[in-house]
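Letter by letter, the chains look like this.
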Amino acid sequence: STGGSTTASAPSSAPANGGLEKTEIKVATLPAIDSAALYVAIDQGLFEKEGLEVTPQIVQASPEAIPMMLNGEIDAMFGNYVSMFAAHDKGSLKLRILAEGSRASPDSLSIMALPDSPIKAPKDLEGKTINVNVLHNFQELALTQVLKANNVDPATIKYVQVTFQNIMPSWKGGQIDAAYLGEPMVTAATASMGARKILDPASGPAAEFPISGYVSTQEWYDKNPKVAAAFQRAIHNAGKLMENNREVVAKVLPTFTQINAATAATVTFPYFSSNDNPVRLQRVADWMLEAKWLSKAIDVKTLMSPTTSG
Amino acid sequence: MRRGGLRTAAFRWVVLLVLVVVWEAATRVAGSTFFPPPSTIVTRMHAMWFSGPPDALFLTDTAVENILPSLGRMAAGFAGGALAGVVLGLAVGLSARAYDYLDGVLQFLRAIPPPALVTVFLVLFGFGLRMQLAFIMFSIVWPVLLNTADGARSVEPLHLQTSQAFRLSRAELLLRVVVPSTLPKMFAGLRLALSLSLIVMVFSELLPGTTNGIGFQITDAYSTFDLPGIWAGIVLLGVLGYLLNELFLVAERRVLGWHHAAQQLAVP
Amino acid sequence: MLEIDNLSHVYGGGSPNAHHAIDGLNLSVAAGELLCIVGPSGCGKSTLLRSIAGLITPTGGEIRVEGTVVRQTPDNLAVVFQDYSRSLFPWMSVADNVALPLRRKNMDKRQRREAAHEALESVGLQDAGRKYPFQLSGGMQQRVAIARALAYRPTLMLMDEPFGSVDAQTREDLEDLVLKVRGHHQMTIVLITHDIDESVYVGDRVVVLSKAPAHVVGDLKVELPAPRDQISTREHPDFVHLRAEVGRLVRGHATV
Amino acid sequence: MLEIDNLSHVYGGGSPNAHHAIDGLNLSVAAGELLCIVGPSGCGKSTLLRSIAGLITPTGGEIRVEGTVVRQTPDNLAVVFQDYSRSLFPWMSVADNVALPLRRKNMDKRQRREAAHEALESVGLQDAGRKYPFQLSGGMQQRVAIARALAYRPTLMLMDEPFGSVDAQTREDLEDLVLKVRGHHQMTIVLITHDIDESVYVGDRVVVLSKAPAHVVGDLKVELPAPRDQISTREHPDFVHLRAEVGRLVRGHATV
Amino acid sequence: MAVQGDRREDPHVAHHVRVSAQTLSRARPASTTTRWSRRAAGALAFAALIELAGRTGLIDAEFLPPATEIVGRAVTLLADPAFLGHALTSLLAWAMGLGIAAAIAVPLGLLLGSVPIIDAAMRSVVEFLRPIPSVALIPLVALVIGTGLQLRVTLVVYASLWPILYNTMYGLRGVDPLAKESLRSYGFGPLAVLLRVSLPSSAPFITTGIRLAAGVALILTVSTEIVAGRGEGIGVFIFFAGIAVPARMADILAGVFWVGLFGVVVNALLVAAERRAFRWHHAQLGERP
Ligand SMILES: Nc1ncnc2c1ncn2[C@@H]1O[C@H](COP(=O)(O)OP(=O)(O)OP(=O)(O)O)[C@@H](O)[C@H]1O
Ligand SMILES: Nc1ncnc2c1ncn2[C@@H]1O[C@H](COP(=O)(O)OP(=O)(O)OP(=O)(O)O)[C@@H](O)[C@H]1O
Ligand SMILES: [Mg+2]
Ligand SMILES: [Mg+2]
């Protein structure tokens, strides 16, 4: 739990700058609800308490942040596990998971159909076209498991990659049969279009499916173990804070996403992790291996640090 | 002449070979995962696309399912865009009236970044091929259009006067005088458009609803950070671009033979 | 056939370096006549020719061809431009260059080709049909331009220093060719030349222009016996007299 | 000054429509001499001139200027091209066109401008300096090209039908100008012309070329009294005789 | 036969022929007011088309709002300092990219177009590089030189290099050989011929390349911002408008409107500059200077 022997060990609430390798770090985040913990931690002074000054850098998709991390422009990033594991598997990146971020909560993801659509039940999805943000990513991974559990043949589903802003026109235009939506679109589609939920892709086997986390390179971690620990604590503490307190989340959302205060008050949040759990993360890696997205198994535990918050 | 041509071709290949060797050495020394050595890339390309059965010309299924549709899209988009560019360019270049009416709108459209219009394209054309073709055409039409218009505007005045004096019909004037003298510039535009169509083809395969293509493979590799995969795509595009360009130059030499011959008068 | 009334032309009108090229020029040419125009360099001869061909709109006065005012190029007109090499189309073979205007006539492809070949033959270029203009010498290019006009068989032919770049012998042959063609096909010809002997030899009439702005300073009827002949005509006392007369008129308006 | 040894040139060598333009041509020109070349259209005169200027590499033989073999353009050489209008730069004013080559000389800007003005004046274009080439008549453009060459004061001047587009009076004046300049500045001049009278009038020697492939078929020394004079020289019995002689030689090789 | 004969007599056909020849020789240019009113008419027609498409429901107005709404939004954006900040950042990247591209491409084009040995050596390399899409380069460029302004500028340079390069090379090829020979005959070396003849004579064509590149640079600036922009830029503005739920199409298109308008203005300025610099070219072609 503590690093050096001569410097004072860092207890759960270390004094500012106590033995940290560096105090200013930059973290790439996405303009999506999932990254809220980082903003809450900043907003609530949790990083400050650890002696850290964290500057978020919003990127448009997580693969973009990888080169930034590799060339030292940023220290860590918020990225989805599927992409990160794939990059790790390809050897482009020696991954280190600093802290778990978000997990799917019930109704935060949803397969939806328009009111007049013939799709009424999961079984009707067979042979249909469904959008995903990026092909071969966590959306497909989770849905495949859930479909299997619902006796639907996942192989019959046709996935098409549709960027965020084009989901609505494609859906209304009949280019996709059912929409794979995340928040805040689930709420919006239900309210404004009367869309029906067909299936929750994060239920059953994929319940609480881990989506994204805060990661760095192994090299960075080796150089900055104390910063890493302090960072993890702040994120976990933010997670705890957010568990029963919607307001702290709703307050920060408009600052880094395009979600206004009114929407922020009504959307379904994902779970924000307040501790790290290698077991649930291992599920992601295993399913990826099953889908042949990985060339070899990944032992997720070796990429994670023990939880020091508590 | 001919021997000189052969020698330059050989020289070009030698230069290329040297550069590849340097690249191989440099990447091996650097050892960055972001810059795999060319041998790795070629191995990957071979495994991915060119290790198929002989009766499929050694193309793998992946190649057939991705490279061919891409090339088809590119060819169709190029043909459409080039045609539109030539026709519009001639119209704008020849008729002051057409120029006045269209100039503003065309310049406006030319400046628009296509990625910002994806939604509009989607609504207009729907998913898939139609949208992709529209996207490619919209992007490549401009160099052809501008260069053609420029060429049509700068036809040697005495050629026009000669045609007018002999009362050539409008069609003859266009076909036999204006177009030939515009050709050199038109070809500059077409050559730009050709390589551009390859690029935009990749862009178009990022569009909603794409399920195959070289560009699709590159993005797929990108999203999983498969560097050799990205590089394989890049190199494939480079090779395709090179081949297309050579093809184009052959066509150009046929069509613009008179031009080149007349230009060779001057000792270089 | 051709009437020019009080023609004047100003280049770059309104601008400080406007140039008054033609001023109050009157002229009329009868059908079938061969009119030669001589005048100092830069006086406005080519400008006059361009106006007749409807290629520029003169700033004043009126030109009528066969009774109708020239606004656009009149029908059945052919021009041999002074800048012959630029008036040939570099992307076409010589034969195609000659055959091109014939598309306006009711001729099929074979007829066009034959007419082009014949015209090229008449200017001594029977072997050059497949070459491109840039492969020809200056004088050969000029003859291609002449062949193109001849093949067209216009009713009005305008020639701007058409024999300037050919050798003496060829020049004489071409002069005779023009005379012959004129006789056969009832052409009206306006020919600009700097060669005073030539103007008298081929012309039915020689008009001398003043230096810029051009107007007519002399209009001489040439009444030499037909058919003209390079040796005997040039020895004719009237020829010698006329040539001296034209020479005097031109010299009175020289430029250097 | 200039020696040409067994020169030959083939265009498009190897290809089926190769053209043998010059064949075994020998010629030598003394320093300060004014050599006129006449020959049928398309025989290879311009090709010869281009070879002397080092603009094309002849396929056979050798050319020496002041003893050194011509591989590139020799120093202190000026050319007046047959296709004068294309040899002027359309983006420059007339004065700039004339002044441009002077950059090769040790002259400052003012000197260049003065030299250009003087040269333009000598060809009767003192008022045209600020115009652009396209604003000039054909003959004026030709005179600009001559002025450009004159202003340069070359030791060897090559002129390809330099007076083809100017009127008779101006032509005579320009002939005299060339004679005068040659006397003043010790130029060697090679002048191609189709005008036989002219060749005899200005030349110290007249060389007649055969039709293609060109070689020398006549080489006549002109021994007329200096200074030449447009009236008296042309009346001189030797002139009349020489001119007839050249005429006969040329006619023996005509094209039509 | 009869048909052909009729055709020749048909006054209507003849009239058309005349008109076209007249237009080509530009004997009667329209007045400036006429020309501007035509431009305005063209633009209005285009706007009306969009307006109608939205109003009549031909296209879902949610995804293509009527022109009036777009322009209205565009105007209000002008008062938004955040938007102006975005615009300024993009402008900077555009200007830098285009400037650098021109500074590289013109000399390179002159070199490739006039020295055959260099052309031979570089040709294959150039042709291999040319078709590589900038999107594919983003991660690599980002890794080597970092993100931020330098990433955008690099990609803009990379993409807008080619139109200038190609047009320079093709422009050089079109130079009248006799013009070059003229200068050479006065003993000028290859460099002087290049600078004094080839460059000015192909300049109009090179500037067309620059005009093309100006458009490409603009597109690349904004596109790169949309795909991989951080911080500021019109593309970032557009990206964020796109990920809102529902997408703020009016914002996106208002951004597009300003980009397009900027393109029109830049083009008009470049054309005006061309006309000034190459008066000889246009005057010679019979256009009014
Ligand atoms: N680039 C070329 N390619 C092929 N043939 C050529 C080329 N240039 C000239 N010729 C041929 O070479 C011959 C000589 O041409 P050149 O221009 O030297 O003639 P010339 O004596 O100057 O004639 P002119 O008095 O008509 O100007 C001509 O028959 C011409 O067709
Ligand atoms: N486009 C133009 N713009 C301005 N001035 C011009 C233009 N074209 C011709 N000029 C001027 O008009 C005058 C007459 O030119 P034109 O070409 O008619 O002369 P020309 O009699 O044919 O002379 P030449 O015998 O030398 O060919 C000249 O002084 C010339 O400078
Ligand atoms: Mg003239
Ligand atoms: Mg010649």
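Each chain carries its own residue numbering, running from 1 in the written order of its sequence. All chains are assigned letters beginning at A, and all ligands numbers beginning at 1, according to the order in which they are written. With the structure being a predicted model, the display of local features is reserved for residues of pLDDT at least 70 and the display and counting of side-chain atom pairs for 80 or more, all residues being used for whole-chain, interface and lining totals. Think of the side-chain values as coming from all heavy atoms in the structure, minus any hydrogens and water.

Per an unreviewed UniProt entry, chain E goes by the name ABC transporter permease and belongs to Nonomuraea deserti. Turning to chain E, the UniProt annotation filed under Sequence similarities (unreviewed entry) states: "Belongs to the binding-protein-dependent transport system permease family." UniProt positions are given in the numbering used here, feature names are shortened, and annotations may be inferred rather than shown by experiment. Recorded under Subcellular location (unreviewed entry), the UniProt text for chain E is reproduced unchanged: "Cell membrane".

Per an unreviewed UniProt entry, chain C goes by the name ABC transporter ATP-binding protein and belongs to Nonomuraea deserti.

**Things to note about the packing of helix α6 (residues 116-129) of chain E against helix α8 (residues 149-173) of chain E**
Residue and element names in this part refer to chain E. Fitted lines through C-alpha atoms serve as axes, helices being fitted only where they are in contact, and the angles separating the N-to-C directions of these axes extend from 0 to 180 degrees. Segments assigned H or I by DSSP are reported as helices when at least four residues long, segments assigned E as strands when at least two residues long, and all are numbered from the N terminus. Between α6 and α8, the shortest axis-to-axis distance is 12 Å and the interhelical angle comes to 140 degrees. Between α6 and α8, the angle is such that the two are oblique. With respect to the hand of their crossing, α6 and α8 are arranged in left-handed fashion. The segment α6 lies against α8, with Asp119, Val126, Glu127 and Leu129 engaging Tyr158, Trp162, Leu165, Tyr166 and Met169. Looking at the contact of α6 with α8, its residues break down into 7 nonpolar, no polar and 2 charged. Angles are sorted into four bins: roughly parallel if under 35 degrees, roughly antiparallel if over 145, roughly perpendicular if 65 to 115, and oblique for all others. By definition, any crossing whose near helix is turned counterclockwise from its far helix by less than a right angle is left-handed, and any crossing with a clockwise turn is right-handed. Contacts are assigned to residue pairs that have any heavy atoms within 4.5 Å of one another. Note on residue categories: nonpolar means Ala, Val, Leu, Ile, Met, Phe, Trp, Tyr, Cys or Pro, charged means Asp, Glu, Lys or Arg, and polar means any other residue, Gly included.

**Here we look at the interface of chain B and chain E**
On the side of chain E, 80 residues touch chain B, which itself brings 88 residues to the contact. Accessible area, probed at 1.4 Å, shrinks when two parts are joined; the buried area is that loss added up over both. Regarding the contact of chain B and chain E, the summed buried area is about 7,400 Å², with carbon and sulfur atoms giving 70% of it. Among the residues of chain B in contact with chain E, Asp100(B), Phe108(B) and Leu192(B) are the three that bury the most area, contributing 9% of the side total. Whenever a carboxyl oxygen of Asp or Glu lies within 4 Å of a side-chain nitrogen of Lys or Arg, that contact is scored as a salt bridge. Our count for the chain B to chain E interface comes out at 5 salt bridges. A salt bridge links Glu252(B) to Arg173(E); the nearest nitrogen and oxygen atoms lie 3.2 Å apart. Pairs of N or O atoms are called polar contacts if they sit within 3.5 Å, as long as, within protein, a hydrogen donor faces a hydrogen acceptor (for residues adjacent in sequence, only side-chain-to-side-chain pairs). Linking chain B with chain E are 14 residue pairs in polar contact (both at pLDDT 80 or more), by the criterion used here.

**Overview of the packing of aromatic side chains**
Stacked, tilted and edge-to-face are the three classes assigned to paired rings of Phe, Tyr and Trp, where Trp is represented by its six-membered ring and a pair needs centres within 6.5 Å; plane angles under 30 degrees give stacked, over 60 edge-to-face, the rest tilted. Counted by the stated rule, this structure contains 27 aromatic pairs over all chains. Ring geometry for Phe47(A) versus Phe231(A): centroids 5.5 Å apart, planes at 20 degrees, classification stacked. With Phe47(A) in helix α2 (residues 46-49) and Phe231(A) in helix α9 (residues 225-243), this pair connects stretches of sequence that are 184 residues apart. The burial state of Phe47(A) is the same as that of Phe231(A); both residues are buried. Residues Phe89(C) and Trp91(C) carry aromatic rings whose centres are separated by 5.4 Å and whose planes lie at 35 degrees to one another, so their mutual orientation is tilted. The exposure classification of Phe89(C) matches that of Trp91(C), with both residues buried. Clustering of aromatic rings is evident, with ring pairs tying together Phe121(B), Phe125(B), Phe135(B), Phe138(B) and Trp142(B). In our convention, an over-ring charge means Lys NZ or Arg CZ found within 6 Å of a ring centre and within 35 degrees of that ring's normal. Sitting over the ring of Phe269(A), Arg246(A) keeps its end group 4.1 Å from the ring centre. In this arrangement the basic side chain of Arg39(E) is found over the ring face of Trp36(E), its NZ or CZ atom lying 4.7 Å from the centre. Three labels apply to residues, based on accessible area from a 1.4 Å probe with only protein chains included: buried if under 20% of the type maximum, exposed if over 50%, partly exposed otherwise in between.

**What to know about the domain arrangement of chain C**
Residue and element names in this part refer to chain C. As annotated, the domain borders come from an automatic or database domain assignment. For chain C, the assigned domains read domain 1 (2-76 + 155-251) and domain 2 (88-153). Listed by partner, the interface residues are 16 residues for domain 1 and 12 residues for domain 2. For the domain 1 and domain 2 pair, buried surface summed over both sides reaches about 1,100 Å², with 68% attributable to carbon and sulfur atoms. When the buried area of domain 1 at its contact with domain 2 is split by residue, Asn76, Met157 and Leu177 rank highest and sum to 31% of it. Our enumeration of links across domain 1 and domain 2 arrives at 6 residue pairs in polar contact (both at pLDDT 80 or more). Contributing elements (two or more residues each) for the side of domain 1 that touches domain 2: β7 (156-160) and α6 (168-185). For the side of domain 1 that touches domain 2, the element with the most residues is α6, which contributes 5 residues.

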